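Breakdown of the fold
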Amino acid sequence: MSESGTSAAAPEAAPRITVLGTGYLGATHAICMAVLGFEVLGVDVDQAKLDRLNAGQVPFFEPGLPELLVKALESGKLRFTSDYAEAGAFGDVHFLCVGTPQQSGSNAADLRYVESAITALAPHLARRALVVGKSTVPVGTAARLTGLLNALAPAGEQVELAWNPEFLREGYAVEDTLRPDRLVFGVRSAWAEERLRTVFEPVIEQGSPVVVTDLNTAELVKVAANSFLATKISYINAMAEVCEVAGADVHQLADALSYDTRIGGRFLRPGLGFGGGCLPKDIRAFAHRAEELGVGQAVAFLHEVDAINRRRRSRTVDLVRELAGGSLEGARIAALGAAFKPNSDDIRDAPALDVARMLQEGGAAVRVYDPEAMGNAQRAYPSLEYAQSTLEAARDADVVVLLTEWTEFREIDPEMLGAVVAQRKVVDGRHALDPAAYRAAGWEYRALGRP
Ligand code: UDX
């Protein structure tokens, strides 16, 4: 590497970027920044992951990203390494993109990866640099980490910490990175804001608005946004519970609500509820942090949001049991879907696999098929049975249950599916199938919150 002098001496030169953590968020960010024309170094402790990325393979399923990775590598602007010393020497702006999972045995966020990334990088920061947190963290974390960073970095207070929360959705990660709804810059100085504006110039130019805040507010924006989205989903699912006993149709109810522009139809789709690596753990960590701060009551409703969401899973199992004739013992169930949502191979806190597991615990023989998440599902739930296609999963099934709304499941012909099952009985856990078409083909169709 021939780094030192040049970029540090020329302030107008484009800042060089490092991305610490090359998981979902980090890999996408690193690739997109390189495609936008910056020189980028991705850093991770997982050598196998780095080898795959350097070889042009994205280690997870994300539409559009593999093509951009190849393009970025070919341009010579993107590389990956495990060497923090190299990262410290290379970068002017360092993005922190490591995971903050839920702690085992607690609702709190586990900050060990954030702390170890800062601790590994800081001793190599010998000149003025900006470290930018993107990971979702409890409010107050950035303020605390600033002290650690300044204490460990040879450049001391010349190294600044900013927070730039990330709102990308899996399945739309490229679009959300290049054309986000908004950019939030949590900063402590005009210099940090200027650096971020430079790094995000292409994104700002295409029209994304920028909101500049302090560090605490930036951290809170992320958990507040995810809490709102989770609440909206649980709200409509609570209405589904009422519809079920009142004999009303939550699908029509949601449709009618969606025309009110104050409410809007997005994140108002009833069904099996939310899962994934973000919403469930973020609302729990937020409630936990609020309790630590003495304002637990303000967000106590998030516990209810979580409870409503969990009830959707057990209620789906109840519906399958009803259709199976009152008992799951010996019933053959085709479970369509394993990923926590379509266009993803992510099974973290996936409602689909939770339901499959509960059905199996109830005595059913469960055969699972998912277009992309089979490998991950098999590793996490080896005791479930797996099929190579929808029809193979459905063969001789007593009940088919749709758990993830992949297009391929939505589009399947109910006649064709009906030809392979033992009984034409379907539970539509995602309100994704056409009830009229299924009933016309002789299926008994059931969905949460619909008569
Ligand atoms: C979410 C946030 O949307 C994103 O901004 C944040 O950065 C990370 O967390 P993601 O986890 O990729 O993104 O999934 P998202 O598309 O938000 O879906 C979350 C879950 O909610 C999925 O399980 C989905 O099936 C469910 N969902 C979504 C519903 O049940 N109903 C809806 O109306 C919308």
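Residues numbered from 1 in each chain as written. Predicted model: local features only at pLDDT ≥ 70, side-chain atom pairs only at ≥ 80, totals over all residues. Heavy atoms only, no water.

Looking at an unreviewed UniProt entry, one finds the chain named UDP-glucose 6-dehydrogenase, with Actinocrinis puniceicyclus as its source organism. The annotation that UniProt attaches to the chain under Sequence similarities (unreviewed entry) is "Belongs to the UDP-glucose/GDP-mannose dehydrogenase family." (UniProt positions renumbered as here; feature names shortened; annotations may be inferred.)

To continue, consider the overall build of the chain. Along its length, the chain carries 20 helices and 14 strands. Its C-alpha radius of gyration of 24 Å places the chain within 12% of the 22 Å reference for a compact globule of 451 residues. Each principal axis of the C-alpha atoms in the chain carries an extent, and together these give about 75 × 50 × 40 Å. Look at the contacts in the chain between residues 6 or more apart in sequence, and 72% of them connect residues 24 or more apart. Of the roughly 18700 Å² that the chain leaves accessible, carbon and sulfur atoms contribute 52%. In the chain, 45 side chains carry a positive charge and 59 a negative one; their mean positions are 2 Å apart. (Helix = DSSP H or I, 4+ residues; strand = E, 2+ residues; numbered from the N terminus. Rg over C-alpha atoms; globule rule 2.2 N^0.38 Å. Contact = heavy atoms within 4.5 Å. Areas by Shrake-Rupley, 256 points an atom, 1.4 Å probe, with all protein chains shown as cover. Lys, Arg positive; Asp, Glu negative; His and termini not counted. Charge placed at Lys NZ, Arg CZ, Asp CG, Glu CD.)

Here we take up the pattern of salt bridges. It is possible for side chains of opposite charge to pair when their charged atoms get near one another. Taken as a whole, this structure holds 35 salt bridges when the rule is applied. Two residues, Arg 310 and Asp 306, come together in a salt bridge whose shortest N-O distance is 3.4 Å. On the criterion of helical spacing, the pair formed by Arg 310 and Asp 306 is a turn pair, its members being four residues apart in helix α14 (residues 301-323). Taking the relative accessible area as the measure of exposure, Asp 306 reaches 8% and is therefore buried. Taken together, the shared-partner salt bridges in this structure form one network comprising Glu 241, Glu 244, Arg 311, Arg 312, Arg 315, Asp 318, Arg 321, Glu 322 and Arg 446. (Salt bridge = Lys/Arg side-chain N within 4 Å of Asp/Glu carboxyl O. Buried < 20%, exposed > 50% of the residue type's maximum accessible area, 1.4 Å probe, protein only.)

We now examine unusual backbone geometry. A negative phi angle characterises most non-glycine residues, just as the trans form characterises most peptide bonds. One non-glycine residue with positive phi stands out, namely Phe 267, at about 60°. Of note, Phe 267 is situated in the loop between α12 (250-258) and α13 (279-292). Accessibility expressed as a relative area gives 30% for Phe 267, which makes it partly exposed. Phi is positive for Asn 343, which is not a glycine, with a value near 65°. Along the polypeptide, Asn 343 turns up in the loop between β9 (332-336) and α15 (351-361).

So, on to the site of the ligand. Neighbouring residues of the ligand: 20 residues in total, closest Phe 167, Glu 170, Arg 269, Phe 340 and Lys 341. Note that an oxygen atom of the ligand is positioned 2.8 Å from one of the side-chain N or O atoms of Lys 341. For the shell around the ligand, the leading source of residues is helix α11 (residues 215-246), giving four residues. Across the shell around the ligand, the residue classes tally to 10 nonpolar, three polar and seven charged. Of the residues that make up the shell around the ligand, three or more belong to each of domain 1 (17-213) and domain 2 (312-447). (Near = heavy atom within 4 Å. Polar contact = N/O pair within 3.5 Å; in protein donor to acceptor, adjacent residues only side chain to side chain. Nonpolar A, V, L, I, M, F, W, Y, C, P; charged D, E, K, R; others polar. Domains from an automatic or database assignment.)

This next bit is on the UniProt feature "binding site: NAD(+)" (unreviewed entry) in the chain. As recorded in UniProt, the feature "binding site: NAD(+)" (unreviewed entry) lies at Asp 44, Lys 49, Thr 100, Thr 136, Glu 170, Lys 281 and Arg 348. Considering the C-alpha atoms alone, the annotated residues occupy 305 residues of sequence and remain spread out, their largest mutual distance being 24.3 Å. Not counting the four nearest positions on each side in its chain, Lys 49 is found in contact with Thr 22, Gly 23, Asp 44 and Pro 59. The residues touching Thr 100, leaving out its near neighbours within four places in the chain, are Ala 109, Asp 110, Leu 111, Val 114, Ser 135, Thr 136, Val 137 and Lys 281.

Ranked by internal contacts, the top residues of the largest apolar core, which has 56 residues, are Leu 359 and Val 400. The element contributing the most residues to this core is α15, with six residues. Beyond its immediate stretch of four places on either side in the chain, Leu 359 contacts Val 317, Val 320, Leu 328, Ile 333, Ala 364, Val 366 and Val 401. Core analysis: the next-biggest nonpolar cluster, separate from the first, contains 41 residues, Ala 34, Phe 38, Val 174 and Leu 196 among them. (Core = buried A, V, L, I, M, F, W, Y, C linked by side-chain atoms within 4.5 Å.)

A sheet is described by the order of its strands in space; here six strands give the open sequence β11-β10-β9-β12-β13-β14, paired in parallel fashion. The strands lining the two open edges of the sheet, one partner per strand, are β11 (385-386) and β14 (444-446). Taken together, the three bridges between strand β12 (residues 399-402) and strand β13 (residues 425-428) define a ladder with parallel strand orientation. Considered in β13, the bridge of Leu 402 is made with Asp 428. Contacting β9, β12, β13 and β14, α14 runs over the sheet at an angle of about 170° to β13. (Pairing = 2+ DSSP bridges. Axes fitted to C-alpha atoms, helices over the stretch in contact; angles between N-to-C directions.)

Take the pairing of strand β1 (residues 17-20) next. Along β1, one buried face is formed by Ile 17 and Val 19 and the opposite face, lined by Thr 18 and Leu 20, is buried too. As a crossover connection, the stretch from β1 through helix α2 (residues 24-35) into strand β2 (residues 40-43) is right-handed. Note: β1 against strand β4 (residues 93-96), four bridges, orientation parallel. Directly across from Ile 17, in β4, lies its bridge partner Val 93. (Right-handed = clockwise from strand over helix to strand, strands pointing away.)

This paragraph deals with α14. For α14, built from 23 residues, the straight-helix expectation of 33 Å at 1.5 Å per residue is met to within 8% by its first-to-last C-alpha distance of 33 Å. Listing the buried residues of α14 in full gives Leu 302, Val 305, Asp 306, Ile 308, Asn 309, Arg 312, Arg 313, Thr 316, Val 317, Leu 319, Val 320 and Leu 323. Looking one or two places after α14, you find Gly 325, whose phi comes out positive at around 100°. (Expected span 1.5 Å × (residues − 1).)

Many authors give the size of an interface as the accessible area that is lost as the parts come together. Each assigned domain of the chain is listed here: domain 1 (17-213) and domain 2 (312-447). Domain 1 and domain 2 are separated by 38 Å when their C-alpha centres are compared. Where domain 1 packs against domain 2, one counts one salt bridge. Across the salt bridge formed by Arg 348 and Glu 170, the nearest N and O atoms sit 3.1 Å from each other. Between the two partners, domain 1 and domain 2, sit four residue pairs in polar contact (both at pLDDT 80 or more). Here the residues of the side of domain 1 that touches domain 2 sort into four nonpolar, one polar and two charged.

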